[in-house]
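An overview of the molecular structure
Residue strings, one per chain:
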Amino acid sequence: MEGTRLVRVPPGPNVWKEFWLPSDSIELGEWVMAWGEPQPDGSLLAAPRKVWASIGKWSGTIAEKQANALVVKRHDGVPRTLSFSPTLDVIHARGLLPVAGGLAALRPGMQIGAVGLALNDRMLRATRIWIDE
């Protein structure tokens, strides 16, 4: 269900926002996705670690490799910069196994997908990149 709804988040680091953080890390106006149990008052009681704030997902082709980022021509044809989280995983889409060499294995022309923190400048800071093979 999309729309506006009160989400009750359990105490502790139960909100993913690049890292697992407490609910007070969510800022007014941020996009939030949550799984949990609907409550009689219309709110949602979120399950532990089932709340994501400002999560984004991209897919596309690597157009350029920079020292600390990739330029990805996304599925919509728009080139955007993909930066890297310190917790970045680089994996194969099939089998979800780590890619030997990690970031060093990524090359222009590769088809990739990425998930991470959607930033205000329409960029994404990836926590996971997968190679579509």
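In short, a report on the structure.

Thresholds applied
- Within every chain, residues take consecutive numbers counted from 1 along the sequence as written.
- Local features in this predicted model are restricted to residues whose pLDDT is 70 or higher, and side-chain atom pairs enter the listing and the counts only when it is 80 or higher, whereas totals over whole chains, interfaces and linings include all residues.
- Each side-chain value is worked out from all heavy atoms of the structure, with water and hydrogens disregarded.
- Each pair of strands is called paired provided DSSP finds at least two bridges between the two strands.
- Working definition: helices are DSSP H or I runs of at least four residues, strands are E runs of at least two. Numbering for both runs from the N terminus.
- Helix axes are fitted to C-alpha atoms over the stretch in contact, other axes to C-alpha atoms as well, and angles between N-to-C directions run from 0 to 180 degrees.
- Here a polar contact is taken to be a pair of N or O atoms separated by no more than 3.5 Å, where protein atoms must pair a possible hydrogen donor with a possible acceptor and residues adjacent in sequence count only if both atoms sit in side chains.
- Two residues form a contact once any of their heavy atoms are found within 4.5 Å.
- Residues grouped as a nonpolar core are buried Ala, Val, Leu, Ile, Met, Phe, Trp, Tyr and Cys residues, joined through side-chain atoms within 4.5 Å.
- Burial here depends on accessible area, computed with a 1.4 Å probe over protein chains only, as a share of the maximum for the residue type. Under 20% is buried, over 50% is exposed, and the range in between is partly exposed.
- Only protein atoms enter the 1 Å grid, on which a cavity is a set of points fitting a 1.4 Å probe that cannot get out and a pocket is an open set with protein on both sides within 12 Å along at least 5 of 7 lines, lining residues being those with an atom within 4 Å of a point.
- Grid points are joined across faces, edges and corners, and a volume is the space filled by probe spheres set on the points.
- Three classes are used: nonpolar for Ala, Val, Leu, Ile, Met, Phe, Trp, Tyr, Cys and Pro, charged for Asp, Glu, Lys and Arg, and polar for all others, with Gly counted as polar.
- Salt bridges, as used here, are contacts in which a Lys or Arg side-chain nitrogen is within 4 Å of a carboxyl oxygen on Asp or Glu.

1. Remarks on the sheet that holds strand β6 (residues 55-65)
- Spatially, β6-β7-β8-β10-β9 is the arrangement adopted by the five strands of the closed barrel, whose pairing is mixed. For this sheet, the mean angle separating the axes of adjacent strands, direction not counted, is 55 degrees.
- Bridge count for strand β7 (residues 69-74) against strand β8 (residues 79-92) is five bridges, and the pairing is antiparallel. If you follow Val-72 over to β8, its bridge partner there is Arg-80.

2. Focus on the side chain of Glu-18
- By the element assignment, Glu-18 lies in the loop between β2 (15-17) and β3 (19-21).
- A polar atom in the side chain of Glu-18 sits 2.8 Å from the side chain of Ser-85.
- Engagement of the side chain of Glu-18 in a polar contact is seen with the side chain of Arg-125, the distance being 2.9 Å.
- Leaving out residues up to four positions away in the same chain, Glu-18 has contacts with Ser-85, Pro-86, Thr-87, Leu-117, Arg-125 and Thr-127.

3. Concerning the pairing of β8
- Counting the residues in the hairpin turn of β7 and β8 gives four residues, including Gly-77, whose phi is positive at 85 degrees.
- With seven bridges connecting them, β8 and strand β10 (residues 124-131) associate as parallel partners. What sits directly across from Leu-82, in β10, is Leu-124.

4. What about the nonpolar core?
- Ranked by internal contacts, the top residues of the largest apolar core, which has 16 residues, are Leu-70, Leu-82, Leu-106, Ile-112 and Ile-129.
- Of all elements in the fold, only β6, β7, β8, β9 (111-118) and β10 reach the threshold of two or more residues within this core.
- With sequence-adjacent residues up to four places away left out, Leu-70 is seen in contact with Ile-62, Glu-64, Lys-65, Arg-80, Thr-81, Leu-82, Phe-84, Leu-106, Ile-112 and Ile-129.

5. Topic: the pairing of β7
- Of all the six residues making up β7, five are buried; the element is thus mostly covered by neighbouring parts of the structure.
- In the sheet, β6 pairs with β7 via five bridges, with the strands oriented antiparallel. Residue pairing in the sheet places Gly-60 in a bridge with Arg-74 of β7.

6. Description of the layout of surface pockets
- Space inside the second largest pocket adds up to approximately 230 Å³.
- What lines the second largest pocket is Lys-17, Glu-27, Leu-28, Gly-29, Glu-30, Trp-31, Ser-54, Leu-117, Ala-118, Leu-119 and Asn-120.
- Here the lining of the second largest pocket is built from residues that sort into five nonpolar, three polar and three charged.

7. Overview of the pattern of salt bridges
- A full pass over the atoms with the stated rule returns six salt bridges.
- Its salt-bridge partner being Asp-41, residue Arg-8 comes within 3.0 Å of it at the nearest N-O pair. Placement of Arg-8 in strand β1 (residues 7-8) and of Asp-41 in the loop between β4 (32-38) and β5 (44-53) is noted, with a sequence separation of 33 residues between them.
- According to the relative accessible area criterion, Asp-41 is exposed, its value standing at 54%.
- The partner of Arg-125 in a salt bridge is Glu-18, with the nearest N and O atoms 2.9 Å apart. Here Arg-125, found in strand β10, pairs with Glu-18, found in the loop between β2 and β3; they are 107 residues apart in sequence, far enough to count as distant.
- The class for Arg-125 is partly exposed, based on a relative accessible area of 25%.
- Overlapping salt bridges bring together Lys-17, Glu-27 and Glu-30 as one network.

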